[in-house]
Amino acid sequence: MNILNECVGLGVDLVILGLCVREYMHNKKVTRLLKSAPQYNIDGNLRSIVERKVDKSIPYAVIRGTVTPMGVPLRSTLVPSVSGVLQIVKLHEHRVARGFAGFWMEQRRLLHTSANEMPFELRNQQHGVEIVDALNASVLDVDVVYDSYEPSSLSAFDHIFGFFTGVRQKGLQTTEEVLREGSFLTAIGKLEVDGNTLRMQPSQEGGLFLTTATKSAIVQRFEDAKWTSILKITFCGAVSAILIGLIVKKLYRKRKQQQEEARIHKRLEAERRERRARSRPLTLSEDQLCVVCVTNPKEIILLPCGHVCLCEDCSPHIATQCPVCRGKIVSRSAAFIA
Ligand SMILES: [Zn+2]
Ligand SMILES: [Zn+2]
């Protein structure tokens, strides 16, 4: 009876369950923070509202405005007609690799990424809030302005080499994402007054969101994610419960079987003892009797000391030392005294 498979399955399932619970807690926290985050208009009053707060900052606030570069906007490297304030160029390798059980699987691997950003603000007419550290936003809605895939031309040698190494390149994909100037965004993060400027940066509690969606759509997105996490937790929990049930059932059966074996063993032993007692001579002198029970004849020789001092019934209870000379018992055998 082997419970190793079930235990390994249970371990993996518990790890996944732990990750799902963590994801759920994160989504729950972000949903709560987002729901409680106040929304402000970017206008002449905003600075005085923030200045009145403790530390001249609001830990989690929602603002909406138009992306406006503070200076000359960045020009897209690959599509020069596009300009923006933030640019991310990524190079991905598409390949097939021999994976689990020898199957070839498609993989996409990030080879290189380069990002560029410039100071910018969200504006509403003549008022604006500078956005700081936008590249570290946990949600960043940017436009993909360039996406090109170049299939690799492989020689016969590459195919053979790929077969042995287990990895074969299929092609390279280059993408460029730009946060365009003039896009209308919702920003959620820590709002503070620093000297003369109003700025927003990632909040310690929930990061920074820069998204084209409204606050309610974002909240809905996290609510949905929360429910997906609950479904995953329920599923993993059910799998764990089934596996624990299987393990308990197997252990219970094993214990039952051991008890049954012990009972049979005891009965056979008793029967053997009875048979031996019947075949023993009835009259024995004292020096012929076992030194432990002083009832049965001496029947077992202990080695290497060579003492014949135990009967067959007492022998199993004397495990390590000869009762006569205290010598170590290495082996024992039946002794026949003729
Ligand atoms: Zn005895
Ligand atoms: Zn001895």
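These figures come from a predicted structure and were not determined experimentally.

Asks: Please set out the domain arrangement of the chain residue by residue, giving values where relevant.
Replies: Taken domain by domain, the chain comprises domain 1 (37-212) and domain 2 (283-338). For domain 1 and domain 2, the distance between their C-alpha centroids amounts to 86 Å.

Asks: Run through helix α1 (residues 4-36), naming residues and quoting values.
Replies: Between the first and last C-alpha of α1 there are 48 Å, a value that for 33 residues agrees with the 48 Å anticipated at 1.5 Å per step. Within the sequence span of α1, burial applies to Asp-13, Cys-20, Asn-27, Val-30, Thr-31 and Leu-34. Those residues of α1 hidden inside the fold are in contact with β11 (184-194) and α4 (215-279).

Asks: Got a sec to walk through the nonpolar core? Specific residues and values, please.
Replies: Core analysis: the largest hydrophobic core is formed by 33 residues, its most contacted members being Ile-63, Leu-122, Val-129, Ile-131, Ala-187, Phe-209 and Leu-210. Element by element, the count of residues in this core is highest for strand β2 (residues 57-69), at five residues. Among all residues touching Phe-209, those that are not within four sequence positions of it are Ala-137, Ser-138, Val-139, Ala-187, Ile-188, Gly-189 and Ile-218. Counting eight residues, the second-largest nonpolar core is a separate cluster that includes Cys-290, Ile-300, Leu-302 and Cys-309.

Asks: For the sheet that holds strand β16 (residues 331-334), give the residues involved together with the corresponding values.
Replies: Strand pairing in a sheet takes place through backbone hydrogen bonds and is either antiparallel or parallel in direction. What the three strands build is an open sheet, ordered β15-β14-β16; its pairing is antiparallel. The open sheet has two edge strands, β15 (308-310) and β16, and neither has a second partner. Across the sheet, the mean angle from the axis of one strand to that of its neighbour is 45°, orientation sign disregarded. Where strand β14 (residues 300-303) lies against β16, four bridges are found, and the strand directions are antiparallel. Residue pairing across strands places Leu-303 opposite Ser-331, the latter belonging to β16.

Asks: Which residues make up α4, and what values go with them?
Replies: Between the first and last C-alpha of α4 there are 95 Å, a value that for 65 residues agrees with the 96 Å anticipated at 1.5 Å per step. Taking burial as the measure, the 65 residues of α4 include five buried ones, a minor fraction of the element. Among all positions of α4, only Ile-218, Phe-222, Ser-229, Cys-236 and Leu-243 are buried. Where α4 is buried, its residues contact α1 and β13 (209-211).

Asks: Outline the UniProt feature "transmembrane region" (unreviewed entry) in the chain, supporting the account with residue identities and numerical values.
Replies: Sequence positions flagged by UniProt for "transmembrane region" (unreviewed entry) are, in local numbering, residues 230-248. Regarding residues 230-248, the helix share stands at 100% and the strand share at 0%, and the terminal C-alpha atoms are separated by 26 Å.

Asks: Can you lay out the UniProt feature "domain: RING-type" (unreviewed entry) in the chain for me, pointing to particular residues and giving the numbers?
Replies: Listed under "domain: RING-type" (unreviewed entry) in the UniProt record, and renumbered for this structure, are residues 290-326. The straight-line gap between the two end C-alpha atoms of residues 290-326 is 16 Å; of that span, 0% is helix and 19% is strand.

The rules behind each value
- Residues numbered from 1 in each chain as written.
- Chains lettered and ligands numbered in written order.
- Predicted model: local features only at pLDDT ≥ 70, side-chain atom pairs only at ≥ 80, totals over all residues.
- Domains from an automatic or database assignment.
- Helix = DSSP H or I, 4+ residues; strand = E, 2+ residues; numbered from the N terminus.
- Expected span 1.5 Å × (residues − 1).
- Buried ≥ 20, exposed ≤ 12 C-beta atoms within 10 Å, placed from the backbone.
- Contact = placed C-beta atoms within 7 Å.
- Core = buried A, V, L, I, M, F, W, Y, C linked by C-beta atoms within 7 Å.
- Pairing = 2+ DSSP bridges.
- Axes fitted to C-alpha atoms, helices over the stretch in contact; angles between N-to-C directions.
- UniProt positions renumbered as here; feature names shortened; annotations may be inferred.

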